[in-house]
Amino acid sequence: MFDSCYYTTQLLSKCQSLIYDLADIFHFCISNSLFLPFYTILPVMRKISYIIFKNAIKKCIKTVGTKPYLHAHSNYIILYRRKNIKYNLENIFYFRRNFMLTAGIITEYNPFHNGHRYQIEQTRSELDCSHIISVMSGNFLQRGLPAVCNKFMRAEMAVASGVDAVFELPVVYATASAKDFAYAGVDLLNKLNTVDYLVFGAECDDLALLESVAEILIDEPASFSACLKKNLSEGMSYPSARADAIKSCCPAGADLLKEPNNILAVEYLSALKKTHSSIKPYVIKRISTGYNSNDITGSICSASAIRHLLQETCPTHITESDALFKTFYQVLPTASADLLKTDYLHTYPIFEDHLTSILQYCLIMQNDAPDTVDMTEELYNKLKKTKLLQSYAAIAESLKSKDLTQTRINRALLHFILDIRKNTMSMYKESGWNHYGHILALNQSGSDVIRQIKRNSDLPVFTKPADGIRFLSDTGRLLFEQDIKATRLYNAAVYAVYKTELPDDFTARLPVRS
């Protein structure tokens, strides 16, 4: 297409992933025709395809008037007319933008611990990315339980430990199945139009194997479907039936779906393929203890172990509290430990039993709930017959059955008290899943990536709901109202336990860390 003076094979291999802003290209074409007749500068700004890149070059050729020669860098490109021209970059007028390579992480941070910090550090070192953004669950989580501490505190922990900006995953998706949780997170990252990599942790770091299993789940070959149908007819829970059916198509992946992070990894890969995303997946192997392990031995443990420790610690026993704080500084980044120590027994910990009175109220006042997400008719009939005067956890335990996992039951109960219905859930999905990007926290570096996101995003992005809500569609408003109600319900539970008034989505101070 054009002759090249200093063109490298490295640039050729990266043509499809270079980032350009066409408006700036044309701006400089016009400016250079007036002030710099030999140069045209193409600043690095926005991801486009190689075809659009070629068309942009053709436009530049037309504007400059002759076929240009090219000098390429990762941050800028210089087009010029004469092959033998000598130039000094310091003396050339150019519009240079810092190259942004952004990684996205879909997470819960319940709470943010050293394992999460390890993932952030590995992401920066292995991908050499300039920014990391997180899509994080709010006050209620994918396992159908409340977060141990509120979303604003968890978001502040994240930005204090290396994440540049935290977006909230809407509550209807944050509390959904692994499939919908992953799809919604990927959809939100896609629509920000700024993310280059999706980074996730998994027990298996064989990306090819994970992708093979994802392909099976997308294509559903005959042998897989037959085995799945047979397993379900025999009363197996869906996750167990699906994991067993994988063997018929991919023996190497037989045990893959027995681990929770592998399940999410496969769902992320499926979502990337289904949405034809340009975001590249990158897996980091989990280190130290397993996802559900309660062991605390070194500096890295599972979030489950931290929550278990909080639940087992007697709040009135000073010695136990001192030991708890000591463990905080062992397994959490200092910023996370400081926040947890300061707010201990003021705003957290919150567990499912703190929702008992809310669940009891819903059971007394609501006679029918056939349309609740994750609630089957059989489960609801069983729920109505359950003894009312017992704890939330005891009620959930009493509903156990062979064909439903405890997590599925927990989600059904949570959706029951949050009033998340099947018909509204279908409406949100059919209308495009995500309708906004609500920022919970950011650091100073995050301000740069947020400016980039606001320029490129397909969605309204806001830090102040009072300002952002007026840009939402009717469906977007309904979706955001579910987040508002969920926050108020969580805050009511905190007040009932600790008599502390937490700010809601409209009054919360945006955490900004240096």
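Remember, it's a predicted structure, so these values are computed and weren't measured experimentally.

(A) Up close: the overall build of the protein chain. Within the protein chain, the regular secondary structure consists of 22 helices and 12 strands. Looking at the protein chain as a whole, 54% of its 514 residues are labelled buried. Put simply, 74% of the contacts in the protein chain that link residues at least 6 apart link residues at least 24 apart. About 23000 Å² of surface is accessible on the protein chain, with carbon and sulfur atoms providing 51% of the total.

(B) How the structure looks around the packing of helix α8 (residues 207-219) against helix α11 (residues 260-274). The contact between α8 and α11 brings their axes to 8 Å, and the two run at 65 degrees. When the axes of α8 and α11 are compared, the pair comes out roughly perpendicular. Our pair here, α8 against α11, has a crossing hand that is right-handed. Only N262, A265, V266, L269, S270, K273 and K274 of α11 make contact with α8, whose side of the interface consists of L207, L210, E211, V213, A214, E215, L217 and I218.

(C) Layout of the nonpolar core. Residues F167, F416 and I417 are the most contacted members of the largest nonpolar core, which totals 100 residues. Top contributing element to this core by residue count: helix α22 (residues 474-498), with nine residues. Apart from the residues within four sequence positions on either side, I417 is in contact with L355, I358, L359, C362, Y392 and L489. Membership of the second largest hydrophobic core comes to 40 residues, among which are A103, M153, V166 and F351.

(D) Representation of helix α18 (residues 406-418). Under the 1.5 Å per step criterion, the end-to-end length of α18 is 18 Å for 13 residues, consistent within 8% with the ideal 18 Å. The buried fraction of α18 is high, at 10 of 13 residues. Those residues of α18 that sit buried are I409, N410, R411, A412, L413, L414, H415, F416, I417 and L418. Those residues of α18 that are buried are in contact with α6 (171-174), α15 (356-365), α16 (377-385), α17 (392-398) and α22. Of the residues trailing α18, D419 is marked for its positive phi of about 60 degrees.

(E) Structural detail: unusual backbone geometry. For the bond from N110 to P111, the omega torsion is -5 degrees, close enough to zero to count as cis. Structurally, the position occupied by P111 is in the loop between β5 (102-107) and α4 (114-127). Residue P349 is reached from Y348 by a cis peptide bond, and omega for that bond is 5 degrees. Non-glycine residue W433 carries a positive phi angle of around 65 degrees. If you trace the backbone, W433 turns up in the loop between α19 (422-430) and β10 (437-443). By relative accessible area, which is 13% here, W433 ends up buried. Even without being glycine, K499 reaches a positive phi, approximately 55 degrees.

(F) Structural context of the packing of aromatic side chains. On inspection of all chains with the given rule, the structure shows 12 aromatic pairs. With a centroid separation of 5.6 Å and an interplanar angle of 45 degrees, the aromatic rings of F200 and Y268 are classed as tilted. Here F200, found in strand β8 (residues 197-202), pairs with Y268, found in helix α11; they are 68 residues apart in sequence, far enough to count as distant. For the pair F200 and Y268, a shared accessibility class is recorded, and that class is buried. A centroid spacing of 5.6 Å and a plane angle of 90 degrees characterise the contact between F325 and Y344, whose relative ring orientation is edge-to-face. Of this pair, F325 sits in helix α13 (residues 318-331) while Y344 sits in the loop between α14 (334-343) and α15; the two residues are 19 residues apart in sequence, bridging distant segments of the chain. Summarising the burial analysis for this pair, F325 and Y344 share the class buried.

(G) Representation of the pairing of β10 within the structure. Burial analysis of β10 places seven of its seven residues in the buried class, which makes it a mostly covered element. Looking at chain direction, strand β7 (residues 165-169) and β10 are connected through three bridges and run antiparallel. Residue V166 lies in a different strand from β10, and its bridge partner there is A441. Pairing analysis gives two bridges linking β10 to strand β11 (residues 461-462), with the strands arranged parallel. Counted as the bridge partner of H438 is F462 from β11. Viewed along the sheet, the connection from β10 through helix α20 (residues 444-456) into β11 turns out right-handed. Bridge count between β10 and strand β12 (residues 512-513): two bridges; the pairing is parallel. Note that in β12 the partner of N443 across the bridge is R513.

(H) A look at empty space enclosed by the protein. Inspection of the entire model under this criterion finds three cavities of 30 Å³ or more. Taken as a whole, the second largest cavity encloses approximately 40 Å³ of empty space. In the lining of the second largest cavity, the residues fall into three nonpolar, three polar and two charged.

(I) Just the confidence of the model for the protein chain, in detail. Averaged over all residues, the pLDDT of the protein chain equals 81, while 78% of them reach at least 70. A low-confidence stretch, residues 1-53 (pLDDT under 50), is modelled with 126 contacts involving residues beyond four sequence positions or located in other chains. The low-confidence segment residues 66-98 (pLDDT under 50) makes 100 contacts with residues lying over four places distant or belonging to another chain.

(J) Quick peek at the pattern of salt bridges. Counted according to the given criterion, the structure contains 16 salt bridges. Put simply, D164 and R124 hold a salt bridge, and the shortest N to O gap is 3.0 Å. Taken together, the positions of D164 in the loop between α5 (151-160) and β7 and R124 in helix α4 put the pair 40 residues apart, joining distant regions of the chain. Looking at R124, the relative accessible area reads 26%, which means it is partly exposed.

Calculation criteria
All residue numbers refer to positions counted from 1 along the written sequence of the respective chain. Local features in this predicted model are restricted to residues of pLDDT 70 or higher, and side-chain atom pairs are both shown and tallied only at a pLDDT of 80 or more, whereas totals for entire chains, interfaces and linings draw on every residue. Water and hydrogen atoms play no part in the side-chain values, which are based on all heavy atoms of the structure. Every helix listed is a DSSP run of H or I at least four residues long, and every strand listed is a run of E at least two residues long, numbered separately from the N terminus. Burial classes follow relative accessibility: with a 1.4 Å probe on protein chains only, a residue under 20% of its type's maximum area counts as buried, one over 50% as exposed, and anything between as partly exposed. Note on definitions: a residue-residue contact is assigned when non-hydrogen atoms from the two residues lie within 4.5 Å. All accessible-area figures derive from a Shrake-Rupley calculation using a 1.4 Å probe, and residue coverage is judged against the displayed protein chains alone. Helix axes are fitted only over the stretch in contact, all axes being lines through C-alpha atoms; the angle between N-to-C directions runs from 0 to 180 degrees. Roughly parallel means an angle under 35 degrees; roughly antiparallel means over 145; roughly perpendicular covers 65 to 115; every other angle is labelled oblique. Rotating anticlockwise by less than a right angle from the far helix to the near helix defines a left-handed crossing, while the corresponding clockwise rotation defines a right-handed one. Throughout, nonpolar core names a set of buried Ala, Val, Leu, Ile, Met, Phe, Trp, Tyr and Cys residues whose side chains join them through atoms within 4.5 Å. Helix span, as expected, comes to 1.5 Å for every residue beyond the first. A pair of Phe, Tyr and Trp rings is counted when the ring centres sit within 6.5 Å of each other, with Trp represented by its six-membered ring. The angle between the planes then sorts it: under 30 degrees is stacked, over 60 is edge-to-face, the rest tilted. For two strands to be treated as a pair, DSSP must find no fewer than two bridges joining them. Classification remark: right-handed applies to a crossover when, strands pointing away from the viewer, the course from the first strand over the helix to the second runs clockwise. Whether a set of points on the 1 Å grid over the protein atoms alone is a cavity depends on a 1.4 Å probe fitting there but being unable to get out, while an open set qualifies as a pocket with protein on both sides within 12 Å along at least five of seven lines; lining residues are those with an atom within 4 Å of a point. Grid points are joined across faces, edges and corners, and a volume is the space filled by probe spheres set on the points. When residues are sorted by character, Ala, Val, Leu, Ile, Met, Phe, Trp, Tyr, Cys and Pro go into the nonpolar class, Asp, Glu, Lys and Arg into the charged class, and all the rest, Gly among them, into the polar class. You can read pLDDT as the predictor saying how much it trusts each residue, on a scale of 0 to 100. The term salt bridge refers to a pairing of a side-chain nitrogen on Lys or Arg with a carboxyl oxygen on Asp or Glu at a separation within 4 Å.

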